[in-house]
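Below, each chain spelled out in residue letters.
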Number of protein chains: 2
Amino acid sequence: MAVSKQSVYEPLTESAAIALAVRLRLFPEGAPLVCREIGDGNLNLVFHIVNQQTGKGIIIKQALPYAKVVGESWPLTLKRAAIESNALRTFASYVPEYVPKVYYSDESLAITVMEDLSHLQIARKGLIEGKTYPLLSQHIGEYVAKTLFYTSDFGMNQQEKKQLAQSFVNPELCKITEDLVFTDPFFDHETNNFEDELREDVKELWNNDELHLEVAKLKRKFLTEGDALIHGDLHTGSIFASDEETKVIDPEFAFYGPFGFDLGQFFANLLLNALSRPEQEQEPLFAHVEKTWEVFANVFSDLWEQHNVEPYAKTPRLLQDVLHSTFVDAIGFAGCEVIRRTIGLAHVADLDGIEDKEERIRAKRHALRLGRSLILQRNSLNDIQEIRSLFLQAPLAPTN
Amino acid sequence: MAVSKQSVYEPLTESAAIALAVRLRLFPEGAPLVCREIGDGNLNLVFHIVNQQTGKGIIIKQALPYAKVVGESWPLTLKRAAIESNALRTFASYVPEYVPKVYYSDESLAITVMEDLSHLQIARKGLIEGKTYPLLSQHIGEYVAKTLFYTSDFGMNQQEKKQLAQSFVNPELCKITEDLVFTDPFFDHETNNFEDELREDVKELWNNDELHLEVAKLKRKFLTEGDALIHGDLHTGSIFASDEETKVIDPEFAFYGPFGFDLGQFFANLLLNALSRPEQEQEPLFAHVEKTWEVFANVFSDLWEQHNVEPYAKTPRLLQDVLHSTFVDAIGFAGCEVIRRTIGLAHVADLDGIEDKEERIRAKRHALRLGRSLILQRNSLNDIQEIRSLFLQAPLAPTN
């Protein structure tokens with residue numbers, strides 16, 4: 001096949017991307033194709049190729065051998081493209097309705113050719129515009145429940161699970177999370193980035209031994225607990241949505257990690273959006289957090305009852321124990337994510353986009369207190385509904 | 001090199017083993033060599049080659065492609081030989097004094113050529129003969145502390161750790177432990193093997209929901225928690241000892257597992273030996289259990305203070321948290337091991353060798369109650385000294 005000639009990595013151009021699509025016969029012969037590079041250029045090239053006759057398109061995503069963040073550039077493994085296409089295929093075997101179809105991938109070129117989702121919108125963008133995506137939590141709850149269950153020791157052959165985990169060892173991308181989510185924001189580190197007005201609040205986090213201990217425990221879970229193949233970066237910027245559809249993209253951080261991580265990241269990003277809204281518009285976000293957990297727990301429990309391969313499956317209280325530790329961990333991970341998105345290297349547009357500076361500082365201060373409460377109080381929460389009161393009480397919490 | 005000719009697996013004969021030793025120049029040219037196959041033939045061939053002039057020898061261990069247990073035979077991966085030689089080399093970089101030297105290994109032949117330790121005795125055998133090995137716990141405590149610390153996220157680069165873990169993925173050997181240690185003994189499974197007189201006690205274990213829940217949690221830890229490169233089978237039959245020396249052999253079960261597992265297996269096998277002794281001779285075994293933990297905790301803590309690579313290393317109470325969870329898990333794993341060595345597929349000579357039947361049944365019944373107590377009470381133990389009272393009270397414990 002002609003494609004195999006191109007086995008040495010080089011960044012594609014728009015015309016090379018079209019040539020590849022033609023070689024792969026992804027469009028009818030002679031179709032009038034136009035191509036536009038629509039990536040943000042930080043980590044990946046993203047080519048959108050459209051058949052002008054039919055309007056139908058495809059996406060060719062190509063990893064770049066470096067990451068650009070805040071003007072800096074550091075080398076980054078191209079292997080993440082293979083992790084991404086393999087993760088998309090693995091997830092598609094459990095939740096085809098919630099991930100883009102992969103048409104082709106080439107590890108040496110670091111490309112994934114996949115379904116065009118441009119009829120949908122990135123959920124973060126829509127949420128910032130005030131959209132609510134009524135089915136978002138139903139879909140994400142199902143997505144997380146199924147991907148976690150079926151790739152865990154409860155849902156698949158336990159020996160095959162070890163081999164699957166081996167194929168998703170992902171040191172470089174995990175390091176980004178270990179540093180930027182679990183470490184740097186909690187120390188006076190050069191990657192941090194926050195307004196001067198927040199300095200006193202931030203210093204409190206840096207000097208809080210109790211908080212350090214709890215974040216260290218959560219980090220240890222991320223470093224050592226291989227429950228399931230997780231997405232690893234499930235924020236609202238990794239989700240395409242409309243009122244009817246939800247698609248989870250960009251699983252280049254996928255690896256075998258703890259059950260609670262994806263849920264935690266998703267909760268955090270819903271809460272970060274709530275922080276950017278006037279009080280009377282926050283309700284749909286709280287409802288999403290609650291419904292995501294409820295759907296997750298229900299679907300996971302149903303799968304447990306029906307498809308559990310573990311001989312201890314029927315042991316009374318085992319499912320409850322697994323769900324409870326997942327819940328506690330998810331709340332803790334959410335706290336870390338809320339904090340790092342406020343003062344760490346990679347912010348979110350939900351907060352940074354608040355134009356009024358006083359408002360923005362107030363929201364970020366609220367975020368820091370919410371994050372701290374989520375981490376420190378995660379073991380005493382009994383119910384996902386309590387997130388709401390934690391959120392409302394956070395601004396009143398003492399600064400220790 | 002001539003050796004590379006032999007790249008297809010076949011079991012060695014005694015003369016082929018000598019030829020290999022000669023080719024590897026492990027003896028002076030023309031040395032008068034004699035070879036004896038000294039393995040038990042269940043899993044491996046073990047050739048002992050000795051230079052009759054000097055008395056010096058070597059061991060060539062070759063994995064067989066099957067396991068024979070209780071007359072049955074099932075296929076077993078030859079890859080375990082590579083796991084074993086790689087684990088020996090990895091451990092030797094941290095504790096050369098406690099593992100046999102590896103001179104050569106060949107993955108396709110499934111062989112490891114290593115130091116002859118025939119001046120030492122298998123610790124289980126010596127303990128059954130009434131020996132006490134005064135340095136055993138000092139050495140094993142150090143061995144476990146250093147191998148765990150240096151292969152964990154606290155003692156080595158966290159990205160290199162992931163790659164090391166990837167190279168030790170060991171599904172087939174882990175399955176043996178998952179089945180025979182954590183599962184079969186707790187259900188009415190055909191692999192179990194026990195005297196009729198124990199049936200009522202065994203049925204209690206099979207029907208004890210609380211016990212099942214706790215064993216399921218311990219099994220989940222074994223399945224998912226990749227703290228460090230563990231030996232995976234650290235019973236007293238995997239240890240060569242004398243009054244001065246200790247060498248840990250046979251790490252073919254090595255993989256990235258939970259911190260507490262090796263300690264738990266070792267504790268259990270010391271306690272199983274104690275169960276086979278008259279009361280007045282049990283003291284050295286209790287002392288070994290206690291000293292192993294104390295040495296482990298001290299050495300691990302020193303390494304933590306001096307060589308910890310984790311940014312949270314200095315966080316107050318983190319070390320205590322890691323040590324405490326290791327302690328609790330070790331006690332629980334010890335309980336599973338005590339039970340499975342009493343009623344599961346693979347027994348220990350300590351108990352099976354008790355000639356008087358009534359005595360033997362009494363000791364085994366004691367073992368089952370001890371195992372159950374270790375598992376159920378592990379969270380309420382504050383101190384390793386409490387193992388002693390748990391042991392003494394176990395026969396009096398209610399059968400639920």
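Residues numbered from 1 in each chain as written. Chains lettered and ligands numbered in written order. Predicted model: local features only at pLDDT ≥ 70, side-chain atom pairs only at ≥ 80, totals over all residues. Heavy atoms only, no water.

Here we take up the overall build of chain A. For chain A, the helix and strand inventory stands at 14 helices and 12 strands. In terms of overall dimensions, chain A is globule-like: its C-alpha atoms have a radius of gyration of 21 Å, near the 21 Å expected for 400 residues. Principal-axis analysis of the C-alpha atoms gives chain A an extent of 65 × 55 × 35 Å. Of all 400 residues assigned to chain A, the portion counted as buried reaches 62%. When contacts within chain A are restricted to residue pairs at least 6 apart in sequence, long-range pairs at least 24 apart make up 71% of them. Accessible surface for chain A amounts to roughly 15,900 Å². Of this, 50% is attributable to carbon and sulfur atoms. (Helix = DSSP H or I, 4+ residues; strand = E, 2+ residues; numbered from the N terminus. Rg over C-alpha atoms; globule rule 2.2 N^0.38 Å. Buried < 20%, exposed > 50% of the residue type's maximum accessible area, 1.4 Å probe, protein only. Contact = heavy atoms within 4.5 Å. Areas by Shrake-Rupley, 256 points an atom, 1.4 Å probe, with all protein chains shown as cover.)

Looking now at empty space enclosed by the protein. One pass over the structure, following the stated rule, counts seven cavities of 30 Å³ or more. Lining of the largest cavity is provided by 30 residues; of these, A:A165, A:Y256, B:A165, B:G226 and B:Y256 occupy positions nearest its centre. If you list the elements that add at least two residues to the lining of the largest cavity, you get α5 (158-167), α8 (209-224) and β12 (255-257) of chain A together with α5 (158-167), α8 (209-224) and β12 (255-257) of chain B. Residue classes in the lining of the largest cavity are distributed as 16 nonpolar, eight polar and six charged. (1 Å grid on protein atoms, 1.4 Å probe; cavity = no way out; pocket = protein on both sides within 12 Å on 5 of 7 lines; lining within 4 Å. Points joined across faces, edges and corners; volume = space filled by probe spheres on them. Nonpolar A, V, L, I, M, F, W, Y, C, P; charged D, E, K, R; others polar.)

The next thing to look at is the side chain of B:D201. Structurally, B:D201 can be placed in helix α7 (residues 199-206). Looking at B:D201, its side chain comes within polar contact range of the side chain of B:R365, at 3.1 Å. (Polar contact = N/O pair within 3.5 Å; in protein donor to acceptor, adjacent residues only side chain to side chain.)

We now examine the interface of chain A and chain B. The extent of an interface is frequently quoted as the accessible surface area lost upon association of the parts. Listed per partner, the contact involves 41 residues of chain A and 41 residues of chain B. Run the count over chain A and chain B and you get eight salt bridges. The salt bridge partner of B:E310 is A:K219, with a shortest N-O separation of 3.0 Å. If you look at where chain A meets chain B, you find 17 residue pairs in polar contact (both at pLDDT 80 or more). Among the elements of the structure, α5, α6 (171-180), α8 and α11 (318-343) of chain A are those that each provide at least two residues to the side of chain A that touches chain B. The leading source of residues in the side of chain A that touches chain B is α8(A), at 10 residues. (Salt bridge = Lys/Arg side-chain N within 4 Å of Asp/Glu carboxyl O.)

On to the sheet that holds strand β11 (residues 246-248) of chain A. Residues and elements named next belong to chain A. If you walk across this open sheet you meet the three strands as β8-β10-β11, and the pairing is antiparallel. The sheet is open, and its two borders are formed by β8 (121-122) and β11, each paired with just one other strand. Two elements, strand β10 (residues 239-241) and β11, share three bridges in a ladder whose sense is antiparallel. Looking at β11, one finds that A241 is bridged to T246. (Pairing = 2+ DSSP bridges.)

Our focus in this paragraph is the nonpolar core. In terms of nonpolar packing, the biggest core is built from 211 residues, with A:F300 and B:F300 touching the most fellow members. Beyond its immediate sequence surroundings of up to four residues, B:F300 is in contact with B:A145, B:F149, B:F259, B:L319, B:V322 and B:L323. (Core = buried A, V, L, I, M, F, W, Y, C linked by side-chain atoms within 4.5 Å.)

One non-glycine residue, A:Y133, lies in positive phi territory at about 45 degrees. At B:D250, a position not held by glycine, the phi torsion is positive, near 60 degrees. Inspection of the secondary structure puts B:D250 in the loop between β11 (246-248) and β12. We classify B:D250 as partly exposed; its relative accessible area is 23%.

A few words now on the relation of the copies chain A and chain B. In screw terms, the move from chain A to chain B is a rotation of 180 degrees and a rise of 0.0 Å along the axis, fitting with an RMSD of 0.0 Å. This pairing of chains is accounted for by a two-fold axis. In terms of proximity to the rotation axis, the leading residue of chain A is A:E225, whose C-alpha is 2.3 Å off the axis. Of all interface residues in chain A, 100% are interface residues in chain B too; the two copies therefore contact each other through one and the same surface. (Least-squares fit on C-alpha atoms with pLDDT ≥ 70 in both.)

All right, on to the packing of helix α7 (residues 199-206) of chain A against helix α13 (residues 357-377) of chain A then. Residue and element names in this part refer to chain A. Across the interface, α7 lies against α13 with an axial gap of 10 Å and an inter-helix angle of 15 degrees. As summarised for this structure, α7 and α13 are arranged roughly parallel, according to the angle between their axes. The hand of the α7/α13 crossing is left-handed. Mapping the contact onto sequence places D201, V202, E204 and L205 in α7 and R365, L368, R369 and R372 in α13. In the contact of α7 with α13, the residues fall into three nonpolar, no polar and five charged. (Axes fitted to C-alpha atoms, helices over the stretch in contact; angles between N-to-C directions. Parallel < 35°, antiparallel > 145°, perpendicular 65-115°, else oblique. Left-handed = near helix turned anticlockwise from the far one by under 90°.)

With that settled, consider the pairing of strand β3 (residues 57-63) of chain B. Residue and element names in this part refer to chain B. Burial of β3 is extensive: seven of the seven residues sit out of reach of the surface. Of the two faces of β3, the one carrying G57, I59, K61 and A63 and the one carrying I58, I60 and Q62 are both buried. Sheet analysis places strand β2 (residues 44-51) next to β3, joined by seven bridges and oriented antiparallel. If you follow H48 over to β3, its bridge partner there is I59. Counting the residues in the hairpin turn of β2 and β3 gives five residues, including G55, whose phi is positive at 80 degrees. By the bridge criterion, five bridges tie β3 to strand β7 (residues 111-115) in an arrangement that is antiparallel. By the bridge assignment, Q62 is partnered in β7 with I111.

Residues and elements named next belong to chain A. According to the domain assignment, chain A consists of domain 1 (14-115) and domain 2 (121-396). Just the C-alpha atoms count here: the centres of domain 1 and domain 2 sit 27 Å apart. Residue-level contacts link 24 residues of domain 1 with 27 residues of domain 2. Buried surface at the junction of domain 1 and domain 2, both sides included, amounts to about 2,200 Å², of which 69% is carbon and sulfur. Three residues, F91, Y94 and Y98, lead the burial of domain 1 against domain 2; their summed loss comes to 34% of the area buried on that side. Linking domain 1 to domain 2 there are three salt bridges. With a closest N to O distance of 3.2 Å, K61 and E252 form a salt bridge. In this assembly, domain 1 and domain 2 are joined by seven residue pairs in polar contact (both at pLDDT 80 or more). Among the elements of the structure, β5 (72-75) and α2 (79-92) are those that each provide at least two residues to the side of domain 1 that touches domain 2. Of the residues forming the side of domain 1 that touches domain 2, the biggest block, eight residues, is contributed by α2. Split by residue class, the side of domain 1 that touches domain 2 holds 15 nonpolar, four polar and five charged. (Domains from an automatic or database assignment. Buried area = accessible area lost by both parts, 1.4 Å probe.)

Here we take up the sheet that holds strand β8 (residues 121-122) of chain B. Residue and element names in this part refer to chain B. With respect to topology, three strands assemble into an open sheet ordered β8-β10-β11, the strand pairing being antiparallel. At either end of the open sheet lies a strand with only one pairing partner, and these are β8 and β11. Relative to β11, helix α4 (residues 136-150) is tilted by about 40 degrees, and along the sheet it contacts β10 (239-241) and β11.

All names here are of chain B. Helix length check: helix α2 (residues 79-92) (14 residues) gives 20 Å between terminal C-alpha atoms against 20 Å at 1.5 Å per residue, within 8%. Of all the 14 residues making up α2, 10 are buried; the element is thus mostly covered by neighbouring parts of the structure. Every buried residue belonging to α2 is among R80, A81, A82, I83, E84, S85, A87, L88, T90 and F91, and all of these are buried. (Expected span 1.5 Å × (residues − 1).)

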